Amino acid sequence: MNLPADNPHQDPSPFGLYHHPADASAGEWNVSRSERPHMYRIQHRRANGETHIDTVVDLDNLEAKLHKWRREGFIRRESGMAKKKPAHRTSFISDLRATFAPKPEIANSSANMALVGRVPMPRGAGGPLVPPVNPAYLFAARSDNVLLDIAENRRILLIGHTGTGKTSLIEQVAARTNQGVLRSNMNGQTTVGDFVGFWTVKGGETIWVDGVLPTAMREGLWLIVDEVDFAEPAILAVLTAVLEPGGRLLLKERGNEIVAPHPSFRLFATANAVGSMGQYRHLYQGANLMNEAFLDRWRVYHIDYLSREDEAQVLQRTFGPRVTAAMAETLASIAAACREAFAREDLASAFSTRRLLDWTDLMLRTGDPETAAGPTIYSKISADDATLIRSIIQHHIAPEG
Ligand SMILES: Nc1ncnc2c1ncn2[C@@H]1O[C@H](COP(=O)(O)OP(=O)(O)OP(=O)(O)O)[C@@H](O)[C@H]1O
Ligand SMILES: [Mg+2]
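Here, residues in each chain are numbered from 1, in the same order as that chain's written sequence. Chains and ligands are labelled by the order in which they are written, letters from A for the one and numbers from 1 for the other. The model is predicted, so local features are restricted to residues of pLDDT at least 70 and side-chain atom pairs to those at 80 or more, both for listing and for counting; the totals for chains, interfaces and linings are taken over all residues. Computation of side-chain values covers all heavy atoms of the structure but excludes hydrogens and water.

Undergrad: So what exactly am I meant to see when it comes to the sheet that holds strand E4 (residues 51–58) here?
TA: Hydrogen bonds between backbone atoms are what pair the strands of a sheet, whose relative direction is either parallel or antiparallel. When DSSP finds two or more bridges between a pair of strands, those strands are recorded as paired. A run of H or I in DSSP becomes a helix once it reaches four residues, and a run of E becomes a strand once it reaches two; helices and strands are each numbered from the N terminus. Taken in spatial order, the 5 strands line up as E4-E3-E2-E1-E5 in an open sheet, and their pairing is antiparallel. Looking at which strands have only one partner, the edges of the open sheet turn out to be E4 and strand E5 (75–77). Neighbour-to-neighbour, the strand axes of this sheet turn through a mean angle of 25°, independent of strand direction. Here 4 bridges tie strand E1 (residues 16–19) to strand E2 (residues 28–33), and the two strands are oriented antiparallel to one another. Only the stretch in contact is used when fitting a helix axis, every axis being a line fitted to C-alpha atoms; angles between N-to-C directions are given from 0 to 180 degrees.

In structure tokens form, the structure reads like this:
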């Protein structure tokens, strides 16, 4: 280490207070300039404020001390001269805020725009592929940035546990903007042929059939590639080519025909165990690791479960007055408690919004939460998990009588 004696602004500077974040009783070391050139003053102050070491050391000695303190868990809290942060560091956020403004083309609402949640979005061309509107769908604040990215023609990868609302977010934006959507699930039999297209013989004639990708690109549809972490490498290679906005697709099978994207074309992908969700890969067997170059080409949003309040609201919006506010709150609390147990690894299965809605639906028919939980929850999970979830339910819902 090259410690500067005369220029404390030069990094790394040794000056400042060193404290132990986990052990206040360890006291504080202070390193400051000494009057003697190329020497350093070190002082130790005990937790009671008493200074009992005050000495001047040379560079070698200081380096040895710094090394020892770091090993013991001390970290530096800057003081004195070194406390002054460089101007650019303190002004960064205020500079950023001063220049920040919503993009005018997005902020400008007009006849060709639809308000989705809080965000004005361009309208699509309609057609049979527009998903049906789910009037109970709630655009939580978490979706605002995703909507702005769609308007800006970004490629969006949504990651999160099963049933948190990844696919439905895109579908409901499409439903509100009158935009057609195609979906392609990579966890199954989707082949490169299905995705890109293939030659076939029809009525004695050999014809080309576009796969979902060129269809969406030519017709200005949105394409949702579900469970992209299960896609075979050949499909990932094709996808990568169109990940840049304006990226073209080369159909080698059709004599290198180039397919340019329609301005309304958008590409989305969903995955359960990619990027920051990688720690849960063991729960989604068969999922592939996505390489960094691939991930870098997307805006990757982590979609977590709805908050308890939002989920209670979704229950009431979905089932109307049959679910009272108190019932909705209880049900959302049960889901939240199951998710906490899952996070602690006490439960091996996640409790999705889909599961909660399905359970509630059946409970409204059977009039009994326990009976309804059979086909919608217990039958899908291990006996141990079922026992724990049953006890969570019983904790929140007292038996009649
Ligand atoms: N904000 C919301 N408002 C209303 N319903 C929601 C909301 N988010 C999710 N849901 C409901 O939760 C269910 C699951 O959502 P969705 O299918 O989008 O999950 P997913 O994350 O795509 O799951 P998977 O990873 O299994 O594909 C759907 O029935 C959906 O309508
Ligand atoms: Mg989905």
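Undergrad: Would you take a moment to explain the sheet that holds strand E8 (residues 156–159) for this structure?
TA: Strands sit in the order E9-E12-E15-E8-E16 across an open sheet of 5 strands; the sheet is parallel. Each of the sheet's edge strands pairs with one partner strand only, and the pair in question is strand E9 (181–185) and strand E16 (299–302). If you compare each strand with its neighbour and ignore which way they point, the axes differ by 20° on average. Inspection of the sheet shows E9 paired to strand E12 (residues 222–226) by 5 bridges, in the parallel sense. In the sheet register, Arg183 faces E12, and the bridge partner there is Ile224.

Undergrad: Explain the site of ligand 1 here, please?
TA: Any residue with a heavy atom positioned within 4 Å of a molecule or strand is treated as near that molecule or strand. Around ligand 1, a shell composed of 17 residues is seen, among which Leu138, Thr162, Gly163, Lys166 and Ser168 lie nearest. A distance of 2.7 Å separates a nitrogen atom of ligand 1 from a polar atom in the backbone of Leu138. A distance of 2.8 Å separates an oxygen atom of ligand 1 from a polar side-chain atom of Thr167. Accessible surface area values rest on a Shrake-Rupley calculation with a 1.4 Å probe, where residue burial reflects the displayed protein chains alone. Protein contacts shield 85% of the accessible area of ligand 1, which totals 640 Å² for the unbound molecule. Elements supplying a minimum of two residues to the shell around ligand 1: helix H5 (166–177) and helix H12 (353–366). Split into classes, the residues belonging to the shell around ligand 1 amount to 6 nonpolar, 9 polar and 2 charged. Residue assignment places the shell around ligand 1 across two domains, with domain 2 (105–302) and domain 3 (308–396) each supplying three or more. Between N or O atoms, a polar contact is any pair within 3.5 Å; within protein, one atom must be a potential hydrogen donor and the other a potential acceptor, and residues adjacent in sequence are included only when both atoms are from side chains. In this count, Pro and Cys sit with the nonpolar residues alongside Ala, Val, Leu, Ile, Met, Phe, Trp and Tyr, while Asp, Glu, Lys and Arg are called charged and the others, Gly among them, polar. These domain boundaries are the output of an automatic or database domain assignment.

Undergrad: Teacher, can you tell me more about unusual backbone geometry here?
TA: When glycine is set aside, most residues are seen to have a negative phi, and most peptide bonds are trans. The residue Asn153 is not glycine, and still its phi comes out positive at about 65°. Locating Asn153 in the fold gives a position in the loop between helix H4 (144–151) and E8. Despite not being glycine, Asn178 shows a phi value in the positive range, around 60°.

Undergrad: Help me out: how do you make sense of the confidence of the model for the chain in this one?
TA: Reading fine detail from the predicted coordinates is not recommended where pLDDT is low. Confidence scores here are pLDDT values: one per residue, from the predictor, ranging 0 to 100. On average, residues of the chain score 88 in pLDDT, and 92% of them reach the 70 mark or higher. Should any heavy atoms of two residues lie within 4.5 Å, those residues are considered in contact. Taken as a whole, residues 1–11 scores under 50 in pLDDT and shows 26 contacts with residues more than four places along the chain or in a different chain.

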